[in-house]
Amino acid sequence: MAITNLPKTAVLEDAPAISHTLARAFDDDPMMRWFFPEEASREATLGRYFSTLFTRQYLRNGVCERTAAAAAFWVPADAQEKAVPDAETIQELIGILGDRAGLFKEAVETAAAHTPREPHWSLALIGADPAAQGTGQGAALLRSGLAKADAAGQATYLESSKAANLPVYEHFGFTVREEFELPGGGPVLWGMWRDPR
């Protein structure tokens with residue numbers, strides 16, 4: 001039997017599998033439901049959204065890893081300024097978000113205003129297919145990224161819009177640093193910080 005929870009570096013050819021995995025993983029996420037409220041089209045739209053982020057943003061300027069049914073996108077401290085969408089990516093995201101693009105822009109700006117200024121690694125995204133949750137794939141990806149940040153002697157930051165995930169991150173050494181609400185009636189985000197070990 002093959003080991004399916006061993007993290008490996010994601011490559012461009014992984015985009016379809018990664019976008020499908022993340023679309024399923026984030027289907028019940030409060031922020032994704034706010035950005036993509038249409039139940040019937042959410043999974044397909046989320047797939048396009050995550051494919052765009054992966055291929056155009058994080059694959060180029062981040063550390064992307066995957067397992068058989070989970071994926072994580074990290075941004076090292078020295079890549080923070082580069083790991084932002086370029087004009088073409090922004091246009092692609094606007095096309096995907098449609099009339100929610102304005103809310104998305106406000107949410108991104110609000111989150112950016114709360115991002116710590118100290119050098120740190122960011123856990124931009126992590127998710128496992130619900131069918132694979134409990135198999136350790138997300139935990140393996142968390143351990144892998146945290147080991148890289150620790151080796152660099154840098155802290156790690158993440159934002160979660162799902163209260164149920166807070167104890168998971170706390171288990172890995174994160175603490176809630178800040179809680180803030182997104183504008184326009186958006187969900188609450190928890191900014192979480194972990195010092196290097």
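A brief report on the enclosed structure follows. (Residues numbered from 1 in each chain as written. Predicted model: local features only at pLDDT ≥ 70, side-chain atom pairs only at ≥ 80, totals over all residues. Heavy atoms only, no water.)

Another point: helix H6 (residues 137-151). For H6, with 15 residues, the first-to-last C-alpha span of 21 Å sits near the 21 Å given by 1.5 Å per residue. By the burial criterion, the buried members of H6 are Gln 137, Ala 140, Leu 141, Leu 142, Ser 144, Gly 145, Leu 146, Ala 149 and Asp 150. Buried residues along H6 sit against strand E2 (63-66), strand E3 (70-75), strand E4 (120-128), strand E5 (155-160), helix H7 (166-171) and strand E7 (188-194). A positive backbone phi angle near 70° is found at Gly 153, which sits one or two residues after H6. (Helix = DSSP H or I, 4+ residues; strand = E, 2+ residues; numbered from the N terminus. Expected span 1.5 Å × (residues − 1). Buried < 20%, exposed > 50% of the residue type's maximum accessible area, 1.4 Å probe, protein only. Contact = heavy atoms within 4.5 Å.)

Once that is clear, we can look at the nonpolar core. Met 32, Phe 35, Phe 36, Tyr 49, Phe 50 and Phe 73 are the most contacted members of the largest nonpolar core, which totals 36 residues. Elements supplying a minimum of two residues to this core: helix H1 (15-25), helix H2 (30-35), helix H3 (42-61), E3, helix H4 (87-97) and helix H5 (101-114). The element that contributes the greatest number of residues to this core is H3, accounting for six residues. In this structure Phe 73 touches Ile 18, Leu 22, Phe 54, Tyr 58, Val 63, Cys 64, Ser 122, Leu 123, Ala 124 and Leu 125, once residues within four positions along its chain are discounted. Core analysis: the next-biggest nonpolar cluster, separate from the first, contains 18 residues, Leu 158, Tyr 169, Phe 172 and Phe 174 among them. (Core = buried A, V, L, I, M, F, W, Y, C linked by side-chain atoms within 4.5 Å.)

A few words now on the sheet that holds E7. The sheet built from seven strands is open, its strands ordered E1-E2-E3-E4-E5-E7-E6 with mixed pairing. Every interior strand has two partners, whereas the edge strands, strand E1 (8-9) and strand E6 (175-181), have only one. In this structure, E4 lies alongside E5, joined through four bridges in parallel fashion. Bridged to His 120 within E5 is Ala 155. Running over the sheet, H5 touches E5, E6 and E7 and is turned about 140° from E6. Here H6 sits on the sheet in contact with E2, E3, E4, E5 and E7, set at roughly 20° to E3. (Pairing = 2+ DSSP bridges. Axes fitted to C-alpha atoms, helices over the stretch in contact; angles between N-to-C directions.)

Moving on to the packing of H3 against H4. The interhelical angle for the contact between H3 and H4, taken along N-to-C directions, is 175°, at an axis separation of 10 Å. Judged by the inter-axis angle, H3 sits roughly antiparallel to H4. For the pair formed by H3 and H4, the contact residues are Thr 45, Arg 48, Tyr 49, Thr 52, Leu 53 and Arg 56 on the first element and Glu 88, Thr 89, Glu 92, Leu 93, Gly 95 and Ile 96 on the second. Residues belonging to the contact of H3 with H4 are distributed by class as follows: four nonpolar, four polar and four charged. (Parallel < 35°, antiparallel > 145°, perpendicular 65-115°, else oblique. Nonpolar A, V, L, I, M, F, W, Y, C, P; charged D, E, K, R; others polar.)

What follows concerns the packing of aromatic side chains. Under the definition given, this model contains ten aromatic pairs. Relative to Phe 36, the ring of Phe 35 lies with its centre 6.5 Å away and its plane at 80°, an arrangement referred to as edge-to-face. Each of the two residues, Phe 35 as well as Phe 36, counts as buried. Centroid distance Phe 35 to Phe 104: 5.1 Å. Interplanar angle 65°. Geometry classified as edge-to-face. Highlighted residues: Phe 35 in helix H2 and Phe 104 in helix H5, separated in sequence by 69 residues. The burial state of Phe 35 is the same as that of Phe 104; both residues are buried. (Phe/Tyr/Trp six-rings, centres within 6.5 Å; stacked < 30°, edge-to-face > 60°.)

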